[in-house]
Amino acid sequence: MKLLAAALAAAFLSAPAAAQKIGETLTIDDAVSIAVKNSPAALEAEQDIIIARQRVMEARFMALPQVTLSGTMTRANIGYPALLGPELGDRYVDPSVRDNLYTLRAQALQPLYTGGKNTNTLKLAKTAQNQARVNFEAVKAEAALAAKKAFYTLLYQRRLKESSGLWLDRARALNASLRKDAFEELEASMLLSGLSDREQQAESGAEAAFTDFLRVLNREPGCQLEIEGSFETLPVVADVSRSLVTAMEARSELKSELYKAQMDDIAVNMAMIRRYPTIYLGASYDVNAYKVASPDNDSVRTNNWLASLAIHFPLSYDIWTQVRQRKAQQRQGELKRAELQDTIGFQIISAHRDAVSWQAEAEKLGAETEKMKAAYEAASRSARPSMAALRALCALCELERRSLDAIYNQLLARIRLEWAQGRDFGK
């Protein structure tokens with residue numbers, strides 16, 4: 001019973017460690033979701049949306065009256081009139097004041113007409129908010145692309161490591177059963193050395209790919225993770241023209257440039273409205289006292305109210321220079337958008353061509369690999385072990401590696417095409 005209890009206790013204590021060692025299993029969708037959620041660039045872009053939203057609120061406040069409440073206390077002993085500055089209430093102090101002066105003021109300033117400045121400022125803030133949203137989508141797309149690339153790279157490196165290990169084990173077993181002379185022994189050693197080097201490189205590549213995968217997910221080094229996915233080609237289901245149309249509608253960078261064009265138009269309008277006058281309506285109410293109120297009502301107190309209508313005509317020398325600058329910046333934006341459209345088009349054409357060509361190459365190499373494997377197995381059963389069999393085994397290892405390379409390149413081209421068109425296939 002004691003032995004059974006000890007065994008159960010050991011199994012219970014080792015269960016959490018085993019679970020921790022296995023870790024969580026992620027699919028490619030899980031990896032993309034985690035990478036986007038933990039991306040520092042995406043989190044930073046999300047804060048830009050919050051900032052833009054607050055600027056929209058500030059632009060709305062510009063149309064509201066500006067209300068000021070102020071109070072001052074002045075102790076005067078002067079022989080000549082004095083004028084207090086704006087920080088002290090813009091007060092005129094007469095030499096007859098020989099005591100404390102108390103002032104309370106409530107003031108309101110309402111813009112009646114600003115030539116469209118407030119309206120255009122609000123439009124500019126809203127457009128900047130929309131641009132911040134599409135910039136956030138663009139950053140998320142970059143994080144998703146990095147996650148997909150890291151995921152498929154890890155699958156590829158682990159599959160390459162598995163293949164290299166299997167071929168190395170078979171080569172060593174075959175070499176042990178061969179009778180060789182001195183030169184054949186040298187040749188066999190060189191072939192095995194090449195397979196061993198390839199297996200070590202694949203192992204190092206798998207470790208580096210896993211480290212990069214953790215970096216993309218923003219996980220700590222040493223974290224235990226497993227991935228679940230099939231390493232096979234994913235055919236491209238859309239033609240180039242459809243991908244180009246999709247990119248013009250869904251690509252976040254292009255949407256951002258369209259919002260930039262709207263902002264350039266608003267900037268031109270704001271430069272031109274500097275020629276227009278601004279009209280303000282202001283009102284204030286003052287309470288002035290020379291003494292604090294006392295029971296015998298010996299205080300001297302005055303109440304003042306004012307209402308003013310002001311109009312300002314701008315007489316600036318740089319109005320037209322500002323307009324020309326904004327129009328030049330608008331033209332720069334148009335050229336940049338045209339360049340971006342051409343760049344997106346080239347990205348889609350290149351990625352589509354690579355995906356289709358690597359798809360055909362992977363299918364051809366896959367069929368050849370299966371055919372050669374079957375022929376090698378048949379020959380191994382009918383012929384005795386020889387150096388020719390060892391050389392054929394090494395050639396098969398190289399052929400399978402080329403097949404895995406083609407699958408990997410096809411997957412990378414496909415995810416580049418999805419990123420270039422701004423939308424995954426099937427969405």
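Residues numbered from 1 in each chain as written. Predicted model: local features only at pLDDT ≥ 70, side-chain atom pairs only at ≥ 80, totals over all residues. Heavy atoms only, no water.

Engineer: Looking at this structure, I do not really get the pairing of strand 5 (residues 100–113). What am I missing?
Structural biologist: Regular strands have side chains that alternate between both faces of the sheet. With ten bridges joining them, strand 2 (residues 66–75) and strand 5 adopt antiparallel strand pairing. In the strand pairing of strand 5, threonine 74 is matched with leucine 101. Pairing of strand 5 with strand 7 (residues 278–289), which is carried by eleven bridges, proceeds in the antiparallel orientation. Each bridged residue has a counterpart across the sheet, and for alanine 108 the counterpart in strand 7 is alanine 283. (Pairing = 2+ DSSP bridges. Helix = DSSP H or I, 4+ residues; strand = E, 2+ residues; numbered from the N terminus.)

Engineer: I would appreciate a short explanation of the confidence of the model for the protein in the present structure.
Structural biologist: A low pLDDT means the predicted coordinates there should not be read in detail. On average, the protein scores 85 in pLDDT, and the residues at 70 or more come to 91%. At the level of individual helices and strands, the protein shows its lowest average pLDDT in helix 1 (residues 2–22), which scores 41, and its highest in helix 3 (residues 40–61), which scores 94. For residues 1–22, every residue scores under 50 in pLDDT, and the model assigns this stretch four contacts once sequence neighbours within four places are set aside. Within the model, the stretch residues 294–298 combines pLDDT values under 50 with one contact to residues more than four positions away or in other chains. (pLDDT = per-residue confidence, 0-100. Contact = heavy atoms within 4.5 Å.)

Engineer: Before we go on, may I ask you to explain the nonpolar core in this structure?
Structural biologist: Most often, soluble globular proteins have nonpolar side chains that are buried together. In terms of nonpolar packing, the biggest core is built from 49 residues, with Phe151, Tyr152, Phe213, Leu217, Leu225 and Phe231 touching the most fellow members. For this core, the secondary-structure elements that each account for two or more residues are helix 2 (28–38), helix 4 (117–176), helix 5 (182–217), strand 6 (225–227), helix 8 (319–382) and helix 9 (387–421). Counting 16 residues, the second-largest nonpolar core is a separate cluster that includes Trp167, Leu168, Tyr376 and Cys394. (Core = buried A, V, L, I, M, F, W, Y, C linked by side-chain atoms within 4.5 Å. Buried < 20%, exposed > 50% of the residue type's maximum accessible area, 1.4 Å probe, protein only.)

Engineer: Would you explain unusual backbone geometry in this entry?
Structural biologist: Keep in mind that most residues, glycine aside, have a negative phi and that most peptide bonds are trans. Of note, the phi angle at asparagine 218 is positive, near 60°, even though the residue is not glycine. Among the structural elements, asparagine 218 can be located in the loop between helix 5 and strand 6. Given the relative accessible area of 46%, asparagine 218 is considered partly exposed.

Engineer: Explain the packing of aromatic side chains to me, please; I cannot follow it from the model alone.
Structural biologist: All chains considered together, the criterion is met by four aromatic pairs. Pairing phenylalanine 151 with tyrosine 152 gives two aromatic rings, centres 5.9 Å apart and planes at 80°, and the pair type is edge-to-face. With respect to class, phenylalanine 151 is no different from tyrosine 152; both count as buried. Connected via pairs of aromatic rings, a cluster forms that spans Phe151, Tyr152 and Phe213. Residue placement shows arginine 251 over the ring face of tryptophan 419; its charged tip is 4.3 Å from the ring centre. (Phe/Tyr/Trp six-rings, centres within 6.5 Å; stacked < 30°, edge-to-face > 60°. Lys NZ or Arg CZ within 6 Å of the ring centre and 35° of its normal.)

Engineer: Is there a simple way to think about helix 5 in this case?
Structural biologist: Spacing of three or four residues puts side chains on the same side of an α-helix, whose turn is 3.6 residues. Relative to the 52 Å expected for 36 residues at 1.5 Å per residue, helix 5 spans 53 Å between its end C-alpha atoms, a close match to the ideal helical length. At the N-terminal boundary of helix 5, the capping side chain belongs to aspartate 181, with an oxygen 3.3 Å from the backbone nitrogen of phenylalanine 183. A positive phi of about 60° marks asparagine 218, the residue just after helix 5. (Expected span 1.5 Å × (residues − 1). Polar contact = N/O pair within 3.5 Å; in protein donor to acceptor, adjacent residues only side chain to side chain.)

Engineer: Is there a simple way to explain the sheet that holds strand 5 in this structure?
Structural biologist: Strands pair in a sheet through their backbones, by hydrogen bonds, and they do so in one of two ways: parallel or antiparallel. If you walk across this open sheet you meet the four strands as 2-5-7-8, and the pairing is antiparallel. Edge positions in the sheet fall to strand 2 and strand 8 (301–312), since each has one partner strand and no second. Neighbour to neighbour, the strand axes of the sheet diverge by 15° on average, direction disregarded. (Axes fitted to C-alpha atoms, helices over the stretch in contact; angles between N-to-C directions.)

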